[in-house]
There are 2 protein chains.
Amino acid sequence: MNPPFALLPITEPTLLLDELKCKKNIERMVQKAAKHNLIFRPHFKTHQSKHIAGWFRKKGVNKITVSSLKMARYFAKDGWDDITVAFPVNMLEIDTIRQLAGKIKLNLLVESLESVTFLSKNLTSTVSIFIKIDIGYHRTGILPENTPLIDNILEEIKNSSTLKFAGFLGHAGHSYQAKNKQEIQNIHTTSIGMLQKLKERYKSIFPHLILSTGDTPTCSVMDEFTGTDEIRPGNFIFYDLTQWAIGACNFDDIAVVMACPIVAKHQSRNELIIYGGGVHFSKDHLVLKNGTKTIFGKVVSLTNSGWQGLNNDENYLSKLSQEHGTVTVERHIFDKYKVGDVIGIMPVHSCLTANLTKSYLTLDGKLIERL
Amino acid sequence: MNPPFALLPITEPTLLLDELKCKKNIERMVQKAAKHNLIFRPHFKTHQSKHIAGWFRKKGVNKITVSSLKMARYFAKDGWDDITVAFPVNMLEIDTIRQLAGKIKLNLLVESLESVTFLSKNLTSTVSIFIKIDIGYHRTGILPENTPLIDNILEEIKNSSTLKFAGFLGHAGHSYQAKNKQEIQNIHTTSIGMLQKLKERYKSIFPHLILSTGDTPTCSVMDEFTGTDEIRPGNFIFYDLTQWAIGACNFDDIAVVMACPIVAKHQSRNELIIYGGGVHFSKDHLVLKNGTKTIFGKVVSLTNSGWQGLNNDENYLSKLSQEHGTVTVERHIFDKYKVGDVIGIMPVHSCLTANLTKSYLTLDGKLIERL
């Protein structure tokens, strides 16, 4: 098998980006948000790239989500002026919060009275506040039945000259553990129900409050968003094997693949050793075949126009050390490759894999920088 | 609990480095190598820092190991002129190999005839070649009994004007999975035995050939190295919970801890939410208590002079998402911390955690850059 991408300068693990697939993923989500009359505030933590952000801007997107103040600063510098930091307020970064609040419409998440009081005391510019609600994921957020705490936080916001109440925000992160579309749908229905009750309770005092929710699995699978005002999916820009496994995307929607040099072959084990390890993929894995197989990625065959899936579970990244990856393949695939060739590995979790690269390489050879 | 390190500028996840512990780890290994008359060629993939490399240089170290040509270039630029790249030759990086071979004593690993032939055809400067032997880890390397292949490779080296045979190199990576010191010792004895047989076989033709082995567990635990000529441990510079769990180090030898802001508390679950996620720690984990508990790190209490372990398995990093970490603690620890405090997390795998940081912060406030 000749090295594909003969025109691309691949000498080390390189994250290939299929720009067309990526733009289709954006278009599909923009359309869905429009159809359901939802505010579309995509999460930019997956791509973390000004250039890719521009593809959203062209589609009319002007509100975004990020998961750190560092990302907020990066995108604010690029002209994004309505940013939600979907992470509990980190008091130790108050200087950055102050700077950003003076420049853009900054939306922050709180889930404790201490945080609101702290912000109220330490800000001079206006900031919008979402109260983070735990809609079942049990990572962060206030339980929806804890209305005494919510009351106290709202009271503190009302008494503040800089804080404005924006609404309730939830993240159904447990949808990533769903086993199929039906489970995703159930999680969606239950979690939006929790938020709606809160809206009912508080809308007479805060008639403009919104409900913000919508992770990638839910936004990809559902076609019913009654009660939701705003969605914030992120991973859909690239998708990955985790999303594919739960039915949130098709294999052909996945827009990134790591191109890796083959550096050794071991015929007795049908294993290819690639330059591509934990420092390139991160270590998220996927369990296939009822727990009998753990994979860190799937083999795709690189072609002149992109890549082609092998359409089975027999060719996969089976082990990772710091720089080495072990790829277990069927014998006929093993025989196709030689040392010095480049092989494609589709990542299990595109957010963490993308985070480990400095840039994306498009199929026509453009290098796209990221934070 | 007051924020510790009041003098250090911690606002986001920050990898603290205890310089004294680190230097003690270096000193101990330098002494051991000297005592056993071994060539000490430490692996620099863990720290990847010119500054820390300088601490080795002061102890007389002048030969090093790295795991990528990128690292080789970085350290060569800093004046290191005898570097082993402990990774199968990546043909696609031949330009970099050529440049380095022209400047320093470059030692490369081969495990196939194709690679040696390729190097022989494509080099103009001298390069030393180690044949990589699979001493039981079964990741890379030629099986020691495959002497026909070894013969062919040696023949190719002899016929080349640029390649020089350096010896046999093995990596007992399976020692990381050992459960105790006895298992580490058994692995050491078996693997060095395999290499010694090869030395016996080839020493009449190559009287200067050396045997290079020695991972961190083996080099830390063993005090018997008969047959070994060179050791290449790397992780010992920082150690981590994985090494501690298999008995390769004491808890007090671990020289790095991630300082993380606390951003939320959940009393009903005794959980602290920290700013510190998969993009800071990577996702290697450790299984404790016969498989009942998976941890991504252990809580240490930060003090004015460093940190203090809590000496049990009840306070640990239990979950990781991209930027969030969930820390599960005992109630009395939970009560000690408030939102806005900084907590210390000792990493499971220091190589991958260090790889995700741009710099180390020493306890006296120096920022140490890395690749």
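Calculation criteria
Residues numbered from 1 in each chain as written. Chains lettered and ligands numbered in written order. Predicted model: local features only at pLDDT ≥ 70, side-chain atom pairs only at ≥ 80, totals over all residues. Least-squares fit on C-alpha atoms with pLDDT ≥ 70 in both. Contact = placed C-beta atoms within 7 Å. Helix = DSSP H or I, 4+ residues; strand = E, 2+ residues; numbered from the N terminus. Nonpolar A, V, L, I, M, F, W, Y, C, P; charged D, E, K, R; others polar. Domains from an automatic or database assignment. Axes fitted to C-alpha atoms, helices over the stretch in contact; angles between N-to-C directions. Parallel < 35°, antiparallel > 145°, perpendicular 65-115°, else oblique. Left-handed = near helix turned anticlockwise from the far one by under 90°. Pairing = 2+ DSSP bridges. Buried ≥ 20, exposed ≤ 12 C-beta atoms within 10 Å, placed from the backbone. Arc of directions from axis to C-beta. Right-handed = clockwise from strand over helix to strand, strands pointing away.

**A word on the relation of the copies chain A and chain B**
Here is step 1: Mapping chain A onto chain B calls for a screw motion: a turn of 180° about the axis and a shift of 0.0 Å along it, with 0.0 Å RMSD after fitting. Accordingly, the operation relating the two chain copies is best matched by a two-fold axis. Minimal C-alpha separation from the rotation axis in chain A is found for K283 of chain A, amounting to 2.7 Å.

**Overview of the interface of chain A and chain B**
Here is step 1: On the side of chain B, 40 residues touch chain A, which itself brings 40 residues to the contact.
Here is step 2: Of all elements in the fold, only β4 (82–88), α5 (113–122), β10 (256–266), β11 (271–275), α10 (278–281), β17 (324–328) and α12 (350–355) of chain A reach the threshold of two or more residues within the side of chain A that touches chain B.
Here is step 3: In the side of chain A that touches chain B, the residues fall into 15 nonpolar, 16 polar and nine charged.

**Structural notes on the environment of A76 of chain B**
Residues and elements named next belong to chain B.
Here is step 1: With respect to the helices and strands, A76 occurs in helix α3 (residues 69–77).
Here is step 2: For A76 and K105, which are 29 residues apart along the polypeptide, the C-alpha to C-alpha distance reads 9.8 Å.
Here is step 3: Excluding residues within four positions of it along the chain, A76 makes contact with I83, L100, K103 and I104.

**Here's the deal with the domain arrangement of chain A**
All names here are of chain A.
Here is step 1: The domain architecture assigned to chain A consists of domain 1 (20–237) and domain 2 (255–369).
Here is step 2: Taken together, the elements giving at least two residues each to the side of domain 1 that touches domain 2 come down to α1 (19–35) and α2 (50–58).
Here is step 3: Top element by residues in the side of domain 1 that touches domain 2 is α1. It accounts for three residues.
Here is step 4: Grouping the constituent residues of the side of domain 1 that touches domain 2 by class yields two nonpolar, six polar and two charged.

**A few points about the packing of helix α3 (residues 69–77) of chain A against helix α4 (residues 94–101) of chain A**
All names here are of chain A.
Here is step 1: For the pair α3 and α4, the least separation of the axes is 10 Å and the interaxial angle reads 30°. By the angle between their axes, α3 is roughly parallel relative to α4. α3 and α4 meet at a crossing whose hand is left-handed. Between α3 and α4, the residues in contact are L69, A72, R73 and A76 and T96, I97 and L100, respectively.
Here is step 2: Class assignment of the residues belonging to the contact of α3 with α4 gives a composition of five nonpolar, one polar and one charged.

**Quick look at the sheet that holds strand β6 (residues 127–133) of chain B**
Strands pair in a sheet through their backbones, by hydrogen bonds, and they do so in one of two ways: parallel or antiparallel.
Residue and element names in this part refer to chain B.
Here is step 1: Spatially, β2-β9-β8-β7-β6-β5-β4-β3 is the arrangement adopted by the eight strands of the open sheet, whose pairing is parallel. Among the strands making up the open sheet, the edge pair consists of β2 (39–40) and β3 (64–66).
Here is step 2: Where strand β4 (residues 82–88) lies against strand β5 (residues 105–110), five bridges are found, and the strand directions are parallel. Counterpart to D82 in the pairing with β5 is K105.
Here is step 3: On the sheet, α3 packs against β3 and β4 and is oriented at approximately 170° with respect to β4.

**Section: the environment of K203 of chain B**
Here is step 1: Structurally, the position occupied by K203 of chain B is in the loop between α7 (181–202) and β8 (210–213).
Here is step 2: With 27 residues separating them in the primary sequence, K203 of chain B and E230 of chain B have C-alpha atoms 16 Å apart.

**A word on the pairing of strand β1 (residues 14–17) of chain A**
All names here are of chain A.
Here is step 1: The alternating pattern of β1 places T14 and L16 and L15 and L17 on opposite faces, both of which are buried.
Here is step 2: Pairing of β1 with β10 involves four bridges; the strand directions are antiparallel. Bridging across to β10, L15 finds its partner in M258.
Here is step 3: Relative to strand β19 (residues 359–362), β1 runs parallel, the two sharing two bridges. The residue bridging L16 from the neighbouring strand is L361, located in β19.

**Considerations on helix α5 (residues 113–122) of chain B**
All names here are of chain B.
Here is step 1: Where α5 is concerned, the buried positions are S115, V116 and L119. One face of α5 carries all of its buried residues, which in axial projection span an arc of 95°.
Here is step 2: Taken together, the buried residues of α5 touch β4, β5, β6, α6 (147–158) and β7 (163–170).

**Looking at the packing of α5 of chain B against α6 of chain B**
Helix packing for two helices is described by the angle between their axes and how far apart those axes are.
Residue and element names in this part refer to chain B.
Here is step 1: Between α5 and α6, the least distance of the axes is 9 Å, while the angle of their chain directions is 0°. Of the possible angle classes, the one that applies to α5 and α6 is roughly parallel. Here L113, V116, T117 and S120 of α5 lie close against α6, whose contacting residues are L149, N152, I153, E156 and I157.
Here is step 2: Across the contact of α5 with α6, the residue classes break down as five nonpolar, three polar and one charged.

**Quick look at the pairing of strand β8 (residues 210–213) of chain A**
All names here are of chain A.
Here is step 1: In this sheet, β8 lies alongside strand β7 (residues 163–170) in parallel orientation, the contact comprising three bridges. Each residue of the ladder has a partner; that of F168, found in β8, is L211.
Here is step 2: Tracing the backbone out of β7, into helix α7 (residues 181–202) and back to the parallel element β8 gives a crossover that is right-handed.

**What about the sheet that holds β7 of chain A?**
Residues and elements named next belong to chain A.
Here is step 1: The strand order across the open sheet formed by eight strands is β2-β9-β8-β7-β6-β5-β4-β3, and the pairing between neighbours is parallel. Edge positions in the sheet fall to β2 (39–40) and β3 (64–66), since each of these pairs with one other strand and no more.
Here is step 2: Relative to β4, β3 runs parallel, the two sharing three bridges. Bridge pairing in β4 links V66 to V85.

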